[in-house]
Amino acid sequence: MQSFQPPRRILMGPGPSDVSPRVLSALARPTIGHLDPEFQALMEEIKSALQRLFNAPDHACVPLPAPGTAGMEAAIMNLLEPGDRAVIAVNGAFGGRMADMAGRAGASVMTVDHDWGQPVSVARVEAALAQAPTKVLAFVHAETSTGARSDAASLCAVARKHGALSIVDCVTSLGGIVVDVAGWDADVVYSGTQKCLSAPPGLSPIALSKRAQQVITGRKEKVRNWLLDFNLLMSYWGGEGGRTYHHTAPINALYGLHESLVAIFEEGQQAAIVRHARMHEALVAGLEAAGLKMLVAEKDRLPQLNTVCVPSEVDEGAVRAHVLKHWDLEIGAGLGPLKGKVWRIGLMGASATAWHVRLCLTALCEALVAQEFAADVGAALAAADSRLA
Ligand SMILES: *Cc1c(COP(=O)(O)O)cnc(C)c1O
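Residues numbered from 1 in each chain as written. Predicted model: local features only at pLDDT ≥ 70, side-chain atom pairs only at ≥ 80, totals over all residues. Heavy atoms only, no water.

Participant: Got a minute to help me understand the domain arrangement of the protein chain in this structure?
Facilitator: Where interface size is quoted, it is often the accessible area lost as the parts come together. Structurally, the protein chain comprises domain 1 (20-265) and domain 2 (269-388). Here the C-alpha centroids of domain 1 and domain 2 sit 29 Å apart. The interface of domain 1 with domain 2 comprises 25 residues on the first partner and 21 residues on the second. Interface of domain 1 and domain 2: buried area, both sides summed, is about 1,900 Å²; carbon and sulfur atoms make up 63% of it. The largest contributions to the domain 1 side of the interface with domain 2 come from Trp116, Gly147 and Arg149, which together make up 25% of the buried area. Linking domain 1 with domain 2 are seven residue pairs in polar contact (both at pLDDT 80 or more). Mapped onto the side of domain 1 that touches domain 2, the elements with two or more residues apiece are α2 (37-54), β6 (142-143), β7 (148-149) and α10 (251-267). (Domains from an automatic or database assignment. Contact = heavy atoms within 4.5 Å. Buried area = accessible area lost by both parts, 1.4 Å probe. Polar contact = N/O pair within 3.5 Å; in protein donor to acceptor, adjacent residues only side chain to side chain. Helix = DSSP H or I, 4+ residues; strand = E, 2+ residues; numbered from the N terminus.)

Participant: Help me out: how do you make sense of the environment of arginine 275 in this one?
Facilitator: Looking at the secondary structure, you find arginine 275 in helix α11 (residues 269-289). Leaving out residues up to four positions away in the same chain, arginine 275 has contacts with Glu267, Gly349 and Ala352.

Participant: How do you make sense of the nonpolar core when you look at a structure like this?
Facilitator: Grouped burial of nonpolar side chains is what soluble globular proteins tend to show. One finds Phe54, Val125, Ile167, Ile206 and Phe230 to be the most contacted residues of the largest nonpolar core, which totals 84 residues. Top contributing element to this core by residue count: α2, with eight residues. Beyond its immediate sequence surroundings of up to four residues, isoleucine 167 is in contact with Ala75, Ile76, Leu79, Val136, Leu137, Ala138, Phe139, Val188 and Tyr190. Within the second largest apolar cluster, 36 residues are counted, among which are Val308, Val310, Ile331 and Ala363. (Core = buried A, V, L, I, M, F, W, Y, C linked by side-chain atoms within 4.5 Å. Buried < 20%, exposed > 50% of the residue type's maximum accessible area, 1.4 Å probe, protein only.)

Participant: In this structure, what is going on with the packing of α11 against helix α13 (residues 354-370)? I would like to understand it.
Facilitator: Two quantities define a packed helix pair, namely the angle between the axes and the distance from one axis to the other. At a minimum axis separation of 10 Å, α11 and α13 run at an interaxial angle of 15°. Considered as vectors, α11 and α13 are oriented roughly parallel to each other. In the packing of α11 onto α13, the handedness of the crossing is right-handed. Contact residues: Met279, Ala282, Leu283, Gly286 and Leu287 in α11; Ala354, Val357, Cys360, Leu361 and Leu364 in α13. Of the residues in the contact of α11 with α13, the class split is nine nonpolar, one polar and no charged. (Axes fitted to C-alpha atoms, helices over the stretch in contact; angles between N-to-C directions. Parallel < 35°, antiparallel > 145°, perpendicular 65-115°, else oblique. Left-handed = near helix turned anticlockwise from the far one by under 90°. Nonpolar A, V, L, I, M, F, W, Y, C, P; charged D, E, K, R; others polar.)

Participant: I tried to follow the side chain of serine 145 on my own but got confused; where do I start?
Facilitator: Relative to the helices and strands, serine 145 resides in the loop between β6 and β7. Of note is the side chain of serine 145, whose polar atom sits 2.6 Å from the side chain of glutamate 143.

Participant: What is the right way to look at the state of the cysteines in this model?
Facilitator: Here a disulfide denotes one covalent bond, and it connects the sulfur atoms of two cysteines. Counted according to the given criterion, the structure contains zero disulfides. No disulfide involves cysteine 61; its nearest neighbouring cysteine sulfur is the one of cysteine 170, lying 12 Å away. A residue is classified by how much of its surface remains accessible, and cysteine 61, at 4% relative accessible area, is buried. Counting only cysteine sulfurs, cysteine 360 is the nearest neighbor of cysteine 365, a cysteine outside any disulfide, at a range of 9.0 Å. (Disulfide = S-S within 2.5 Å.)

Participant: Is there a simple way to explain the packing of helix α5 (residues 122-131) against helix α6 (residues 152-161) in this structure?
Facilitator: Interhelical geometry of α5 versus α6 gives an angle of 15° and a closest axis separation of 10 Å. Considered as vectors, α5 and α6 are oriented roughly parallel to each other. The element α5 and its partner α6 pack so that their crossing is right-handed. Residues Val122, Val125, Glu126 and Leu129 of α5 pack against Ser154, Leu155, Val158, Ala159 and Lys161 of α6.

What follows is the structure in C-alpha cells.
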C-alpha cells in the first residue's frame, strides 16, 4: 500500500464543501483521551457553541458521532414509538428518507407529498395534522436535493398548535441561512458538519427541547438503537464532571468542528449569512447572463444550494466531467426525478466566496461552449461582478 494523496478539488456540490486550512490543521493535532479533563472542557465548549449557533439556549445540544443522517435517525427513533402517528412533509430526497425511518420506528406515517423544487405547504401540513392526534411533524428546512427553502417558523407553529413535536432537518441550512430554534420553538433540530459549517463530514450537531427530552425519558419502550438512545447518550455528554464511558468520541473530528465554530463566530453568524446571500445573487446573475435558468422560484431559493436547469441540447454529465477534468471543480448532479435535468451548485461555508463564484462561472461557460451552447463568459462574469462590487 501507499499513502493516499487526494487530488486538489474545489468543492461546489451539495456537500462536502471546501474545508479551510485552519480546520484541516486542527484535525491533525495530537489525539488525547476522551475522558481527559482537557477534552471534557472542549466538549463543554462545543455544547455551548452549538447552543449559540442554533440559537437554542434552553435546548440540550451535542454533536452526534456520525454524519447528518445520524441526527435524522436519532430524532426519529427517540421521539417515535410503535403506533405513534407522524406527519412527514416530503418535498425532496431527504423528506422521503425521514418517512422511511419513521416507518421503521413502527409509526403510522402520513406523508404530505410535494413536487420537487416546491417549498413545504404550511396549509397542506396543517390539514394533515388536523385529521388525527399526531406525535411528530417532521420536515426539511433546506432541501438540498432541490434547493428549496421552507418556512420553518410557520411549520413549527402549526405543529405546536396541534400538539405535535417538531423535527427540523437543518443539515444544509445551519450556517448559511437563519436557523432560530428558540424563535421557532422547535423540538428536535439536527445538522451536519460538511455543508455550511465547512468541517469534514462525520458529525451531526443536534438540539433537543425540554419537551422532547421529557417525551424521551417517558418512553414506554426502549429506543431500539443503542448508540443514538438519548437516555444513554446524555450520561456521556450531559453531566459535566460526572461523565461515564458510553462510546469513544471522535476526538480529532471534534477538534475540527470546534475550529470551524471558532471561525464562524470570528466572522460573525450574521455576516456569514449575508455573505452566502451575496454570493448567491452574484452566481445567479452570472448564470442567467450565460443563458441558464434556475429551477426554484426566486422567493423560495436557498443561497447555499443553487439548482440550475440543464438546457435540452446539453449533456448534463459531460459538463460535470469537463469542469472536474479541466478545473478540478466538483458540482452536483440531480437526484430522483431531477436526475439528468439539473446541476446543483453549492455555495456553502468556505466555498461561498467571490473567487468560487467567478471560477464556477468561467468553468461552466467553457464546458457549455464545448457543447456548442453559446454561453458568454464575459457577460456572465460582468453580471456577477456587478453584484460583488
Ligand atoms: C446532506 C443532508 C443530509 C444527510 O447528511 P449526511 O451527512 O450525508 O448523512 C440530510 N438532510 C439534508 C437536508 C442534507 O442536505
